[in-house]
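Each chain is listed here by its residues.
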Amino acid sequence: MSDKFDPFVAEWISFSSDPRYNLVEKCLKLAQILEYPNLNIQEQIEKINQIAKSLKVLLSDVKNPTYLISMLNEYLFETLGFKGDIDDYYDPKNNFLNEVLDKKSGIPITLSIIYVEVAKRIGLNLTIAGFPSHVVVKYNEEMVLDPFGGGRLLDVEDLNEILYQNFEEEIEFSPEMLDELPDDKALIRILRNLKSSYAQSYAYDKAMRCTNMILAVEPDSPDEIRDKGILEERLLNYEKALVYLNRYLEIAPEAPDVDYILEMIRNVRDKINQ
């Protein structure tokens, strides 16, 4: 299943796999590759530095984590006005840190990345947790915080409510859902968000680039192989679409959408034979 060489994907893999770069730098590189070729990554990092410097001026000598979290919340969400983008949640811009820093609104994952990065600069060690459908932030095992909701403290009831809103009764809460989200998985979540947003706005070429960037890291991902087949069909590349759709059926024969994919394969074959 060889594809045409894409220098942007190659550049992404080289940068994202380099341990010298942190998650913020990789997120900004992602933005540069996909949408903002003239983006100055260091300038964006300096914006985060300036937020932290301004916050430090307001802090007392107290190093109590609860105090630091309270001040972080007050400064980011009340003073600066960062917030969750409820009005246009699926706007692709919400996945790019430079846009979130400029417009001061975003989605859970991008707000959490900025939140944790500012916290680090004031001596507060927080981690990003890959909670299903709604990334959150943890302080040790003591606190679960929601940057999308203004840094509010979440309990199990709140987490169950988030699950219900997104999955109804299909998923029940388990402590593993709050495991730390590794950098590579965070980047893949952002790419999947972007793929979905691009596809919904018929930007299939951009959605395909996101899929290829994910497959370069996870070459055997059934969902990405399926989506690549679907996108090839949307781009009228019917022969390629058949290759990926059939591959999906080989590796995920019990998937819940098998009937839909079989019907798509039949339709693609009909188009080829017309």
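For the structure, check the block above.
Starting from 1, residues in each chain are numbered consecutively following that chain's sequence as written. Predicted model: local features are reported for residues with pLDDT of at least 70 only, side-chain atom pairs are reported and counted for 80 or more only, and whole-chain, interface and lining totals are derived from all residues. The side-chain values count all of the structure's non-hydrogen atoms but skip hydrogen atoms and water molecules.

A. Fine view of unusual backbone geometry. The phi dihedral of Ser133 falls on the positive side, at around 70°, and the residue is not glycine. Numbering of helices and strands runs from the N terminus; a helix is a DSSP stretch of H or I covering at least four residues, while a strand is a stretch of E covering at least two. Tracing the backbone shows Ser133 in the loop between β3 (127-129) and β4 (136-139). Of note, Tyr202 is a non-glycine position whose phi angle comes to about 65°, a positive value. Here Tyr202 lies in the loop between α8 (183-200) and α9 (204-217). Exposed residues in this analysis have more than 50% of their type's maximum accessible area, buried residues have under 20%, and partly exposed residues fall in between, with area computed by a 1.4 Å probe over protein chains only. On the accessibility criterion, Tyr202 (64% relative accessible area) is exposed.

B. Representation of the packing of helix α1 (residues 7-16) against α9 in the model. Between the N-to-C directions of two axes lies an angle of 0 to 180 degrees, each axis being a line fitted to C-alpha atoms and, for a helix, fitted only over the stretch in contact. Closest axis-to-axis distance for the α1/α9 pair is 10 Å, and the angle between their directions is 45°. Viewed along their axes, α1 and α9 adopt a mutual orientation that is oblique. Crossing of α1 against α9: the hand is right-handed. Judged by residue contacts, Phe8, Val9, Trp12 and Ile13 of α1 engage Arg209, Asn212, Met213, Ala216 and Val217 from α9. Class assignment of the residues belonging to the contact of α1 with α9 gives a composition of seven nonpolar, one polar and one charged. By definition in this entry, angles of less than 35 degrees are roughly parallel, angles greater than 145 are roughly antiparallel, angles of 65 to 115 are roughly perpendicular, and the rest are oblique. Each crossing gets its handedness from the near helix: less than a right angle anticlockwise from the far helix is left-handed, clockwise is right-handed. Note on contacts: a residue pair is in contact if any heavy atoms of the two residues lie within 4.5 Å. Polar here means any residue other than Ala, Val, Leu, Ile, Met, Phe, Trp, Tyr, Cys and Pro, which are nonpolar, and Asp, Glu, Lys and Arg, which are charged; Gly is therefore polar.

C. View of the pairing of strand β5 (residues 143-146). Burial along β5 is two-sided: the residues Met143 and Leu145 and Val144 and Asp146 are all buried. Taking the residues between adjacent antiparallel strands as the criterion, β4 and β5 are bridged by three residues, where Asn140 takes a positive phi near 50°. Looking at chain direction, β5 and strand β6 (residues 152-153) are connected through two bridges and run antiparallel. Residue pairing for β6: Asp146 is matched across the bridge by Arg152. Any two strands with at least two DSSP-identified bridges between them are counted as paired. What sits between β5 and β6 in their antiparallel hairpin is a turn of five residues, with Gly150 showing a positive phi close to 80°.

D. Structural detail: the sheet that holds β6. The four strands are arranged β3-β4-β5-β6 in an open sheet whose pairing can be described as antiparallel. The two strands at the open ends of the sheet, each matched to only one other strand, are β3 and β6.

E. Region of interest: the packing of helix α10 (residues 222-234) against helix α12 (residues 258-273). Close contact between α10 and α12 brings their axes to 12 Å; oriented N to C, the two are set at 30°. At the point where α10 passes α12, the crossing takes the left-handed sense. On α12, the residues that touch Arg226, Ile230, Glu233 and Arg234 of α10 are Tyr260, Ile261, Met264, Val268 and Lys271. Split into classes, the residues belonging to the contact of α10 with α12 amount to five nonpolar, no polar and four charged.

F. Examining the environment of Ala241 more closely. Mapped onto the elements of the fold, Ala241 is located in helix α11 (residues 238-251). Among the residues examined, Ala241 registers a relative accessible area of 0% and is labelled buried. Considering only alpha carbons, one finds Ala241 and Met264, 23 residues apart in sequence, at a separation of 9.5 Å. Setting aside its immediate chain neighbours within four residues, Ala241 contacts Gly229, Glu232 and Glu233.

Interpretation note: all reported values are geometric properties and have no functional meaning in isolation.
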